Amino acid sequence: MNELILGFLIIAFAFTGLAIGLIFKNQPIKGSCGGIANLDSSGECQICGRTDPQSCNDWFLLLMINGHCDDRFKKIHEIFSEQLISGHELGCSVAIEYEGNEVVNLYGGYTNKLKSKVWTDDTLVNVWSVTKAVTGICISKIISDGLLDVNKNVDFYWPEYGKTKSDTKVIDVLTHRAGMFGFKDGFPDCNWTDWDTFVKTLESQTPYHEPGISQGYHALTFAWLVGEIFRRAEGRMVGDYFRDEIASPYNLDFHIGLPNYEHYRCADISFKRFDNLKPPLEFIKYIPDIFLFNDLKNLKKSIISRDFTYAFNGELFNRYDPNSSDWRKSQVPSANGHGTAASLAKL
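The following refers to the structure shown. Just so you know, the residues in each chain are numbered from 1, in the order the chain's sequence is written. Where local features are concerned, this predicted model is filtered to residues with pLDDT of at least 70; where side-chain atom pairs are given and counted, the filter is 80 or more; whole-chain, interface and lining totals use all residues. The side-chain figures draw on all heavy atoms in the structure; neither hydrogens nor water molecules are used.

**Description of the overall build of the chain**
Across its full length, the chain carries 13 helices and 7 strands. Buried residues are those whose accessible area, probed at 1.4 Å on protein chains only, stays under 20% of the maximum for their type, while exposed residues exceed 50% and partly exposed ones sit between those limits. Looking at the chain as a whole, 50% of its 347 residues qualify as buried. A separation threshold of at least 6 residues defines the contact pool for the chain, and within that pool the share at least 24 residues apart is 70%. Residue-level accessible areas treat just the shown protein chains as cover; the underlying method is Shrake-Rupley with a 1.4 Å probe. Taken as a whole, the chain presents about 16,900 Å² of accessible surface, with 52% of it coming from carbon and sulfur. Secondary structure elements are defined from DSSP: runs of H or I of at least 4 residues count as helices, runs of E of at least 2 residues count as strands, and each element is numbered from the N terminus. For this analysis, residues touch if any pair of their heavy atoms sits within 4.5 Å.

Right under this line is the structure:
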């Protein structure tokens with residue numbers, strides 16, 4: 001059992017990577033020491049004395065880095081600084097705990113494209129699929145408490161699900177082998193907060209593939225599949241459980257379902273349609289099967305079948321984007337956890 005739990009957590013982390021950051025194309029900073037409007041008649045910046053606008057711009061960004069970094073981890077500070085001035089980050093944060101102590105907690109830059117809000121120590125970030133790892137902790141806890149058996153069929157806990165897929169085990173859902181990585185008829189016509197609509201759509205849908213045979217990343221549907229199993233087994237939504245049993249007792253500033261009064265702390269997301277992305281290792285579809293192990297053959301099949309595009313269908317984001325109140329306050333325990341880097345490091 002412990003191996004199954006560990007395996008699930010490893011899968012969750014492997015797919016996501018624990019990194020917090022917002023990726024934008026950097027724009028010139030207007031105003032104080034932005035390398036644009038502060039040059040005097042000699043060509044020097046009136047604030048930093050530099051003559052090169054880009055150097056002036058970089059100097060100002062470095063001044064915006066706050067927090068602390070243990071000398072043993074100063075390379076992290078260097079990388080963080082380089083990332084912030086690289087032109088790829090508008091704002092970001094990183095935190096590390098080592099042997100029970102917070103040794104790094106750095107943050108800097110801006111939280112919106114207008115550069116009207118600076119990044120602070122309590123800025124919240126939508127961490128996307130890192131949320132799956134947090135959900136995995138909640139799942140592991142109720143498994144440990146005897147509330148969930150991963151080897152039972154899903155319909156033991158969720159009878160309606162078994163009407164179209166009675167042979168799906170809980171472990172298949174947890175390890176992305178349920179064959180339910182997308183909505184066959186497109187996203188339901190609803191808000192992100194309409195939990196029951198998503199659940200009913202998935203419980204009546206047949207799988208794309210036979211459950212338990214091959215993996216296909218359940219980018220978004222993981223939320224309602226795992227989340228509903230969790231709710232049936234434990235009684236609470238994943239976000240409520242995490243708040244009550246983990247976040248509050250351990251003083252973690254991380255939320256799955258962010259209250260409206262906390263939205264002002266969020267860094268904005270510059271969103272790119274996921275279904276326009278290319279799957280990783282796409283080149284593998286050109287390699288003959290004779291040269292591939294079974295797992296790689298399954299990956300090749302998923303790429304050729306375009307499973308990736310179903311899993312990352314982002315059409316509902318056209319109406320309710322990641323910066324909308326609807327998205328932030330909903331519970332989507334596969335993708336919309338909001339938190340600080342420090343709280344994730346502590347967790």
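**Examining the side chain of Lys 132**
Tracing the sequence through the fold places Lys 132 in helix H4 (residues 130-144). Identification of polar contacts relies on pairs of N or O atoms within 3.5 Å, with a donor-acceptor requirement for protein atoms, meaning one able to donate a hydrogen and the other able to accept it, and with residues adjacent in sequence counted only if both atoms are side-chain atoms. Side-chain polar atoms of Lys 132 contact the backbone oxygen of Ala 219, separated by 2.8 Å.

**Side note on H4**
Here a helix's expected span is defined as the number of its residues, less one, multiplied by 1.5 Å. With 15 residues, H4 should reach 21 Å at 1.5 Å per residue; the first-to-last C-alpha distance of 22 Å fits that figure. Gly 146, located one to two residues past H4, shows a positive phi value of around 80°.

**Some details on the packing of aromatic side chains**
In this description, an aromatic ring pair is defined by two values, namely the gap between the centres and the angle between the planes. Two rings belonging to Phe, Tyr or Trp (six-membered ring only in the last case) form a pair when the distance between their centres is within 6.5 Å. Interplanar angles under 30 degrees mark stacking, angles over 60 mark edge-to-face geometry, and anything in between is tilted. Scanning all chains against the criterion turns up 16 aromatic pairs. Residues Phe 183 and Phe 187 carry aromatic rings whose centres are separated by 5.0 Å and whose planes lie at 45° to one another, so their mutual orientation is tilted. For Phe 183, a relative accessible area of 7% puts it in the buried group. Ring plane angle 75° and centroid distance 4.7 Å describe the contact between Trp 192 and Trp 327, whose orientation is recorded as edge-to-face.

**Quick look at the environment of Gly 216**
Within the secondary structure layout, Gly 216 lies in the loop between helix H7 (195-204) and helix H8 (222-234). For Gly 216, a relative accessible area of 12% translates into the label buried. In sequence terms Gly 216 and Gly 182 are 34 residues apart; their C-alpha atoms lie 9.9 Å from each other. What Gly 216 contacts, discounting residues up to four positions off in sequence, is His 176 and Phe 181.

**As for the pairing of strand E3 (residues 89-98)**
Any two strands between which DSSP finds at least two bridges are classified as paired. The pairing of E3 with strand E4 (residues 101-109) spans 8 bridges and is antiparallel. Looking at E4, one finds that Ser 93 is bridged to Tyr 107. Counting the residues between successive antiparallel strands, the hairpin from E3 to E4 contains 2 residues, one of them, Glu 99, with a positive phi of roughly 55°.

**A few points about the packing of H7 against H8**
Two elements in contact, H7 and H8, have axes separated by 10 Å at closest approach and are oriented at 100°. When the interaxial angle is binned, H7 and H8 end up roughly perpendicular. Residues Trp 195, Phe 198, Val 199, Leu 202 and Glu 203 of H7 form the contact with H8, whose own contacting residues are Ala 223, Trp 224, Leu 225, Gly 227, Glu 228, Arg 231 and Arg 232. Amino acids are sorted into nonpolar (Ala, Val, Leu, Ile, Met, Phe, Trp, Tyr, Cys and Pro), charged (Asp, Glu, Lys and Arg) and polar (every other residue, Gly among them). When grouped by side-chain class, the residues that make up the contact of H7 with H8 number 7 nonpolar, 1 polar and 4 charged. Only C-alpha atoms enter the line fits that serve as axes; for helices the fit covers just the stretch in contact. Angles between N-to-C directions range over 0 to 180 degrees. Throughout this description, any angle smaller than 35 degrees is read as roughly parallel, any larger than 145 degrees as roughly antiparallel, any in the 65 to 115 degree range as roughly perpendicular, and the remainder as oblique.

**Some remarks on the environment of Val 150**
Residue position: Val 150 is located in the loop between H4 and helix H5 (154-157). The class of Val 150 is buried, set by a relative accessible area of 2%.

**Here's the deal with unusual backbone geometry**
With a phi close to 55°, Glu 99 is a non-glycine residue in the positive phi region. Of note, Glu 99 is situated in the loop between E3 and E4. Judged by its relative accessible area of 64%, Glu 99 falls in the exposed class. For Lys 115, which is not glycine, the phi dihedral falls at a positive 60°. Tracing the backbone shows Lys 115 in the loop between E4 and strand E5 (125-126). Judged by relative accessible area, Lys 115 falls into the buried class, the value being 17%.

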